[in-house]
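# Structure at a glance
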Amino acid sequence: MKKPIIQDVREFLSTHFVSDITNVSEVGTGEWSFAYFYNHNSKDYVIRFSDHTDDFKRDQFAHRFSTQSLPIPEILEIGSALDGSFAISEKVIG
């Protein structure tokens, strides 16, 4: 998957949620995904884009092992977008 440009991410989020999306910013590039922070309804989230939906499903499973000292964000949604897949999770610190 080609790295999404920030404007495409903003447009996707605005269309997907049909409400105010603010503070969209690039987080960085991982081994297999591209991550962006954003705010929706006064909460901070992360959206990642990738060709590998199965990796998002593994992250979804890994959340079961989250602890206070090892926060693993819950995957709230997995779907298709921008010629690949996306996963949305709440932003966690740690």
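Please read all numbers here as calculations on a predicted model, not as lab measurements. (Residues numbered from 1 in each chain as written. Predicted model: local features only at pLDDT ≥ 70, side-chain atom pairs only at ≥ 80, totals over all residues. Heavy atoms only, no water.)

On to the packing of aromatic side chains. Going through the model one piece at a time under the given rule, you end up with seven aromatic pairs. Between the aromatic rings of F61 and F65, the centroid separation amounts to 5.6 Å while the plane-to-plane angle is 65 degrees, which identifies the pairing as edge-to-face. Under the relative-accessibility criterion, F61 is labelled partly exposed at 42%. Each member of the aromatic cluster is reached from another via a ring pair, and the members are F12, Y36, F49 and F86. Positioned over the ring face of F37 is K91, at 4.1 Å from the centre of the ring. (Phe/Tyr/Trp six-rings, centres within 6.5 Å; stacked < 30°, edge-to-face > 60°. Buried < 20%, exposed > 50% of the residue type's maximum accessible area, 1.4 Å probe, protein only. Lys NZ or Arg CZ within 6 Å of the ring centre and 35° of its normal.)

Under the 1.5 Å per step criterion, the end-to-end length of helix α1 (residues 6-17) is 17 Å for twelve residues, consistent within 8% with the ideal 16 Å. Buried within α1 are the following residues: V9, F12 and L13. Considered in projection along α1, the buried side chains sweep an arc of 95 degrees and stay on one side of the axis. Those residues of α1 that are exposed and aimed more than 90 degrees away from the buried face are E11 and T15. (Helix = DSSP H or I, 4+ residues; strand = E, 2+ residues; numbered from the N terminus. Expected span 1.5 Å × (residues − 1). Arc of directions from axis to C-beta.)

A separate point is the pattern of salt bridges. Tallying each qualifying case throughout the model produces four salt bridges. Residue D59 is joined to R48 by a salt bridge in which the shortest nitrogen-to-oxygen separation is 2.9 Å. With D59 in helix α2 (residues 53-62) and R48 in strand β3 (residues 43-50), this pair connects stretches of sequence that are eleven residues apart. Across the pair D55 and R58 runs a salt bridge, and its minimum N-O distance is 2.6 Å. Taken together, the residues D55 and R58, both in helix α2 and three residues apart, mark about one turn of the helix. When its relative accessible area of 16% is taken as the criterion, D55 is described as buried. (Salt bridge = Lys/Arg side-chain N within 4 Å of Asp/Glu carboxyl O.)

Keep in mind these numbers describe shape, not what the thing actually does.
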